[in-house]
Protein chains: 4
Amino acid sequence: MTASKTIAELKLILDDEMGNLANGDNLEKVLTPGFVDKRLYAIYLIETYHYTYHNARNQALVATRPEKLDARYMKYCLKHAMEETGHELMAVHDLKKAGFLQKELKEFRDTDLPKPLMTTEVLIAYLYRVSTTGNPLARLGYSFWAERVYEYLAPLMEMFTHLGVEKSAMTFLTDHSTIDADHAEEVDRAINMFAKTEQDWEDIENCMRTSLRLKARVMDSVFEEFVKLKKGISNRYDFLNK
Amino acid sequence: MTASKTIAELKLILDDEMGNLANGDNLEKVLTPGFVDKRLYAIYLIETYHYTYHNARNQALVATRPEKLDARYMKYCLKHAMEETGHELMAVHDLKKAGFLQKELKEFRDTDLPKPLMTTEVLIAYLYRVSTTGNPLARLGYSFWAERVYEYLAPLMEMFTHLGVEKSAMTFLTDHSTIDADHAEEVDRAINMFAKTEQDWEDIENCMRTSLRLKARVMDSVFEEFVKLKKGISNRYDFLNK
Amino acid sequence: MTASKTIAELKLILDDEMGNLANGDNLEKVLTPGFVDKRLYAIYLIETYHYTYHNARNQALVATRPEKLDARYMKYCLKHAMEETGHELMAVHDLKKAGFLQKELKEFRDTDLPKPLMTTEVLIAYLYRVSTTGNPLARLGYSFWAERVYEYLAPLMEMFTHLGVEKSAMTFLTDHSTIDADHAEEVDRAINMFAKTEQDWEDIENCMRTSLRLKARVMDSVFEEFVKLKKGISNRYDFLNK
Amino acid sequence: MTASKTIAELKLILDDEMGNLANGDNLEKVLTPGFVDKRLYAIYLIETYHYTYHNARNQALVATRPEKLDARYMKYCLKHAMEETGHELMAVHDLKKAGFLQKELKEFRDTDLPKPLMTTEVLIAYLYRVSTTGNPLARLGYSFWAERVYEYLAPLMEMFTHLGVEKSAMTFLTDHSTIDADHAEEVDRAINMFAKTEQDWEDIENCMRTSLRLKARVMDSVFEEFVKLKKGISNRYDFLNK
């Protein structure tokens, strides 16, 4: 098995997983004209803020493993963590631009937002665990899809645009896609450079599948919370009803 | 209190601590002609290997704290960790160059060396704790002296030269002084930029004092182990008696 | 809101969650005569082994939180952890009794079993996170259902019996129900004693819901893996085909 | 080497270490009539509070190690942690009884006391590290001396009595000696039961020596802080000058 072939294989598995994720029922409602509105975007940004807050942290944790690590892999993890640092603030910026946060950014506190949804907590929990236990290479599987997810999310951005979200309130999504194009290549190179055994590839693949499925649950919850808000069954996001 | 004044003050406290550290009895023996030999350098390198192994790791841990951190400070910690990554291998290189390790570097395993001395374990333990609890800025106090210690160690290098250690077997000490000249300036800038309160400065100072004293104990132990080896009371370093 | 009322409420929420969990498709197949066999029990035991291995550990972690804790709650956590210690070995015992493990118990190693399934990893990850971050009382929500789940699982035991599993190979399930009857009462008392604020009750409830749903995913995966084994699409459990 | 012989040997090493610890200069001053007063006891209690706060926590951490552990050793650690839980409150009680704390015990907050001294931080750091890395049995070396230290401290209690400390303000020291007589036997039994290899005994011995030396430094600092307070060179403990 050559490594380059395997990156292509991972990509196929990713396509396959992505195909399976689309939740028919939710998707249909999302596409029904007039069903969703900008508040869906706000809920999406809030959860994005929450898990993104931890991305640099759990990425850096990989480099702090007690065991001997390839120095180049340690540096890769630290550099990548450095680049992810503070990205959660883009979600806060977008929330403000979209009119859902009245405060100045520098006065923003975590407590200004509802806590993470259960599904977001689970995603965060998994990323910490995969970063601190088991194969130190496994977390590359998360980066593998997270850095290239934006290609899959073009329809999402289009939908938010239709809901009236301005381009200037989509910095997390747009700027991120540019940044992440380079990142995706770096991740591919890193996988090719550091994954040496069958087990390495398997652990990376497992992390890819698991984190992606957990992210899909987050997206489902975001939609479900929107529906509850719309129907008035939950007051969790009442502050979004300006 | 202006920040720049305080860096100067920290420097004075450091000079003062350094002055107190010199252990009269040990120093006298070290300076007695013919008392010490190259094996002292080997023991020094072994302990240097052990604590340096953890420096990038505990530095990176600061950036993984759960609490909200200034993104610029997180990046500083990650960048600094990246620069310290793999430096323990310079100590291994020097051990080999000085004739105390027969293996190829790429085949080197931790288990080829005796475990850390108790005093080294204590230094390592403290650096992990200060990096993971209390004021996230405190660890800057360790960097403050560690990055500029080489100015104080010129006499040490001279002594090792007299013992017959070649320049090519002193990469950790020599290359490090060059690298660390820049680092020392960065640390000063970081302290000036991030330390805002009286408490911040105090915590940085405490970490500086504590880690420096623990490092001095390591140096004492290194010397004591050399004496035991010379007198034949301990077989811990017998492999150094080629 | 009186506390005793709330335990009753938690119980209602639990009943409700349990009702929602039953996966129609899977259940139907499980109940189809001749569809499942003892190998389903083996896969169930393997995953039970994996997450149970961590239960005493993550329970004890709650008592190691850096913040000040009620000494009685710390003791409760430690006592409960003590009682859960080693329970994973009952699953190993049952595997052996049911004829799926040839080794002597004392020679058993983790590596004798396939690694945890992804869904089991996620459950484990969540339990570690809830035990080490956020509200220290939250993990009581896991105990709340875990200690009384056996009342819901009577049909499961009956099914395994029909598949030919001997009573002596069901120590985890049977002995556990006896032990856990007492535990369930202790958990109720602990919740009533330590949960003081609305937020405490909410965090306990959230942990209950989340861990229960993650456990349900584990059960789904167990069934799916059985189906793959039966159809021969996966060789992960080939060693069960004696 | 028989195990029972080795407990006796450990005891001899402990006696030897204890003999070396007595710091001539400090001891002489302590014994000079009129040199010390009750404030020395207060400073001693404050540091005792600080490290004791962590004892149950770091003891419990041993049982949370990811690796497979003997279930009986896990239970030993958890039981012992349970017994140590809340003991720091005895130091708070004694501080109050001796007249150095005006608050009700239930209103006591960590922030009512000065932070730990540097040497206390180092002891705490070491105990966390030894509990979470390396040989899981090593921490028994700390318990080995900590549970029997009271026999060595009789002169200390006598001195505090001479300084006018009432028996009712010495619960930590007196009650602890009674409790710990049993503990010391349990520790001996545990070492005999779980330490199997030469390395186990060596790691236990190293932890005993290291933690004892670090505790001795704490005692030195306590005395040095008293001298600074007496001379008026430090205002850290001004609240003790009623």
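Before reading on, note that the structure itself is shown above.
In this text the structure is predicted, and so the values were computed from the model without any measurement.

Chemist: Just to check I follow, could you spell out the arrangement of the chains for this structure?
Modeler: You won't find any contact between chain B and chain C; their C-alpha atoms come no closer than 9 Å. Across all C-alpha pairs, the smallest distance from chain A to chain D is 9 Å, and the two are not in contact.

Chemist: Got a minute to help me understand the interface of chain D and chain C in this structure?
Modeler: Often, the extent of an interface is quoted as the loss of accessible area on bringing the components together. Taken together, the contact between chain D and chain C spans 23 residues of the former and 23 residues of the latter. Both sides together, the interface formed by chain D and chain C hides about 2000 Å², and carbon and sulfur atoms give 67% of it. Its largest share of buried area at the contact with chain C, chain D owes to Arg 57, Lys 68 and Met 82 of chain D, together 31% of the area lost on that side. Where chain D meets chain C, there are 0 salt bridges. At the boundary of chain D with chain C, the tally comes to 12 residue pairs in polar contact (both at pLDDT 80 or more). Examining the composition of the side of chain D that touches chain C, we find that 7 residues originate from one element, helix H4 (residues 71-84) of chain D, more than from any other. When its residues are assigned to classes, the side of chain D that touches chain C shows 13 nonpolar, 3 polar and 7 charged.

Chemist: Can you walk me through the relation of the copies chain D and chain C in this structure?
Modeler: One copy of the chain maps onto the other through a rotation about an axis followed by a shift along the same axis. Mapping chain D onto chain C calls for a rotation angle of 180° and an axial translation of 0.0 Å; the resulting RMSD is 0.0 Å. The transformation just described matches what one would write down for a two-fold rotation axis. Closest approach to the rotation axis within chain D is made by the C-alpha atom of Leu 78 of chain D, at a distance of 2.9 Å. Both copies present the same face, since 100% of the interface residues in chain D are matched by interface residues at the equivalent positions in chain C.

Chemist: Quick question: what am I supposed to make of the relation of the copies chain A and chain B here?
Modeler: Least-squares fitting of chain A to chain B yields an RMSD of 0.0 Å, with the superposition described by an axial translation of 0.0 Å and a rotation of 180°. By residue overlap, the copies meet face to face through one surface: 100% of the interface positions of chain A are interface positions in chain B.

Chemist: Whenever I open this one, the pattern of salt bridges confuses me. Can you help?
Modeler: Any two side chains of opposite charge can pair, on the condition that their charged atoms come close. Tallying each qualifying case throughout the model produces 58 salt bridges over all chains. For the salt bridge of Lys 79 of chain A with Glu 83 of chain A, the shortest nitrogen-to-oxygen distance reads 2.9 Å. One end of the pair is Lys 79 of chain A and the other is Glu 83 of chain A, both in helix H4 (residues 71-84) and 4 residues apart, which spans about a single turn. Residue classification places Lys 79 of chain A among the partly exposed positions, given a relative accessible area of 32%. Between Glu 186 of chain B and Lys 79 of chain B there is a salt bridge whose closest N-O contact spans 3.4 Å.

Chemist: Looking at this structure, I do not really get the interface of chain A and chain B. What am I missing?
Modeler: Residue-level contacts link 23 residues of chain A with 23 residues of chain B. Its largest share of buried area at the contact with chain B, chain A owes to Arg 57, Lys 68 and Met 82 of chain A, together 31% of the area lost on that side. For the pair chain A and chain B, the interface holds 0 salt bridges. Linking chain A with chain B are 12 residue pairs in polar contact (both at pLDDT 80 or more), by the criterion used here.

Chemist: Is there a simple way to think about the side chain of Ser 211 of chain A in this case?
Modeler: Residues and elements named next belong to chain A. Among the secondary structure elements, Ser 211 is positioned in helix H11 (residues 198-231). A residue is classified by how much of its surface remains accessible, and Ser 211, at 0% relative accessible area, is buried. Within the structure, the side chain of Ser 211 is placed 2.6 Å from the backbone oxygen of Cys 207, a separation counted as a polar contact. Discounting residues that sit within four places of it in the chain, Ser 211 has contacts with Leu 123, Tyr 126, Leu 127, Tyr 142 and Trp 145.

Chemist: How do you make sense of the packing of aromatic side chains when you look at a structure like this?
Modeler: Taken as a whole and judged by the stated rule, the model has 40 aromatic pairs over all chains. Ring centres of Phe 35 of chain B and Phe 226 of chain B lie 6.4 Å apart, and the angle between their planes is 65°; this geometry places the pair in the edge-to-face category. Pair noted here: Phe 35 of chain B is in the loop between helix H2 (24-31) and helix H3 (38-62) and Phe 226 of chain B is in helix H10 (residues 198-231), with a separation of 191 residues, a long-range link. Each member of the pair Phe 35 of chain B and Phe 226 of chain B is classed as buried. With a centroid separation of 5.6 Å and 35° between ring planes, the pair formed by Tyr 44 of chain C and Phe 160 of chain C is classed as tilted. Of the two residues, Tyr 44 of chain C is situated in helix H3 (residues 38-62) and Phe 160 of chain C in helix H9 (residues 154-162); the sequence distance between them amounts to 116 residues. With a relative accessible area of 4%, Tyr 44 of chain C lands in the buried category. On the basis of relative accessible area, Phe 160 of chain C is assigned to the buried category, the value being 1%. Three or more aromatic residues link up through ring pairs in this structure, and these residues are Phe 35, Phe 223 and Phe 226 of chain A. A cation sits over an aromatic face here: Arg 148 of chain C above Phe 144 of chain C, 4.3 Å from the ring centre. In this arrangement the basic side chain of Arg 57 of chain D is found over the ring face of Tyr 53 of chain D, its NZ or CZ atom lying 4.1 Å from the centre.

Chemist: Just checking my understanding: could you explain the packing of H4 of chain A against helix H4 (residues 71-84) of chain B for this structure?
Modeler: In helix packing, the relevant descriptors are the interaxial angle and the interaxial distance, both defined with respect to the helix axes. Interaxial distance between H4 of chain A and H4 of chain B falls to 9 Å at its minimum, and their mutual angle equals 165°. In terms of orientation, H4 of chain A lies roughly antiparallel with respect to H4 of chain B. Read as a crossing pair, H4 of chain A and H4 of chain B show a hand that is left-handed. Judged by residue contacts, Lys 75, Leu 78, Lys 79, Ala 81 and Met 82 of chain A of H4 of chain A engage Lys 75, Leu 78, Lys 79, Ala 81 and Met 82 of chain B from H4 of chain B. Its residues assigned to classes, the contact of H4 of chain A with H4 of chain B shows 6 nonpolar, no polar and 4 charged.

Chemist: Is there a simple way to explain the state of the cysteines in this structure?
Modeler: Note on terminology: a disulfide is the covalent bond linking the sulfur atoms of two cysteines. Residue and element names in this part refer to chain A. Counted under the stated rule, the structure contains 0 disulfides over all chains. With no disulfide of its own, Cys 77 lies 12 Å from the sulfur of Cys 207, the closest cysteine sulfur. On the basis of relative accessibility, which here comes to 0%, the residue Cys 77 falls in the buried class.

Chemist: Is there a simple way to think about the environment of Leu 78 of chain C in this case?
Modeler: Residue and element names in this part refer to chain C. Relative to the elements of secondary structure, Leu 78 occurs in helix H4 (residues 71-84). Look at Leu 78 and you get buried, because its relative accessible area is 0%. Along the sequence, Leu 78 and Arg 57 sit 21 residues apart, while their C-alpha atoms lie 9.8 Å from each other.

Chemist: Any chance you could explain the environment of Leu 127 of chain B here in plain terms?
Modeler: Residues and elements named next belong to chain B. Positionally, Leu 127 belongs in helix H6 (residues 118-132). Residue classification places Leu 127 among the buried residues on the basis of a relative accessible area of 1%. For the pair Leu 127 and Ala 8, spaced 119 residues apart in sequence, the C-alpha separation works out to 24 Å. Apart from the residues lying within four places of it in its own chain, the contact partners of Leu 127 are Asn 55, Asn 58, Tyr 142 and Ser 211.

Chemist: Help me out: how do you make sense of the side chain of Thr 210 of chain B in this one?
Modeler: Looking at the secondary structure, you find Thr 210 of chain B in helix H10. With relative accessibility at 4%, the residue Thr 210 of chain B sits in the buried group. Setting aside chain neighbours within four positions, we find Thr 210 of chain B in contact with Tyr 126 of chain B together with Met 118 and Val 122 of chain D.

Chemist: Help me understand helix H5 (residues 88-97) of chain C in this model?
Modeler: Side chains three or four residues apart in an α-helix point the same way, a direct result of the helix having 3.6 residues per turn. By the burial criterion, the buried members of H5 of chain C are Glu 88, Met 90, Ala 91, Val 92, Asp 94 and Leu 95 of chain C. Backbone geometry just after H5 of chain C places Gly 99 of chain C at a positive phi near 90°.

Calculation rules
- Residues numbered from 1 in each chain as written.
- Chains lettered and ligands numbered in written order.
- Predicted model: local features only at pLDDT ≥ 70, side-chain atom pairs only at ≥ 80, totals over all residues.
- Heavy atoms only, no water.
- Contact = heavy atoms within 4.5 Å.
- Buried area = accessible area lost by both parts, 1.4 Å probe.
- Salt bridge = Lys/Arg side-chain N within 4 Å of Asp/Glu carboxyl O.
- Polar contact = N/O pair within 3.5 Å; in protein donor to acceptor, adjacent residues only side chain to side chain.
- Helix = DSSP H or I, 4+ residues; strand = E, 2+ residues; numbered from the N terminus.
- Nonpolar A, V, L, I, M, F, W, Y, C, P; charged D, E, K, R; others polar.
- Least-squares fit on C-alpha atoms with pLDDT ≥ 70 in both.
- Buried < 20%, exposed > 50% of the residue type's maximum accessible area, 1.4 Å probe, protein only.
- Phe/Tyr/Trp six-rings, centres within 6.5 Å; stacked < 30°, edge-to-face > 60°.
- Lys NZ or Arg CZ within 6 Å of the ring centre and 35° of its normal.
- Axes fitted to C-alpha atoms, helices over the stretch in contact; angles between N-to-C directions.
- Parallel < 35°, antiparallel > 145°, perpendicular 65-115°, else oblique.
- Left-handed = near helix turned anticlockwise from the far one by under 90°.
- Disulfide = S-S within 2.5 Å.

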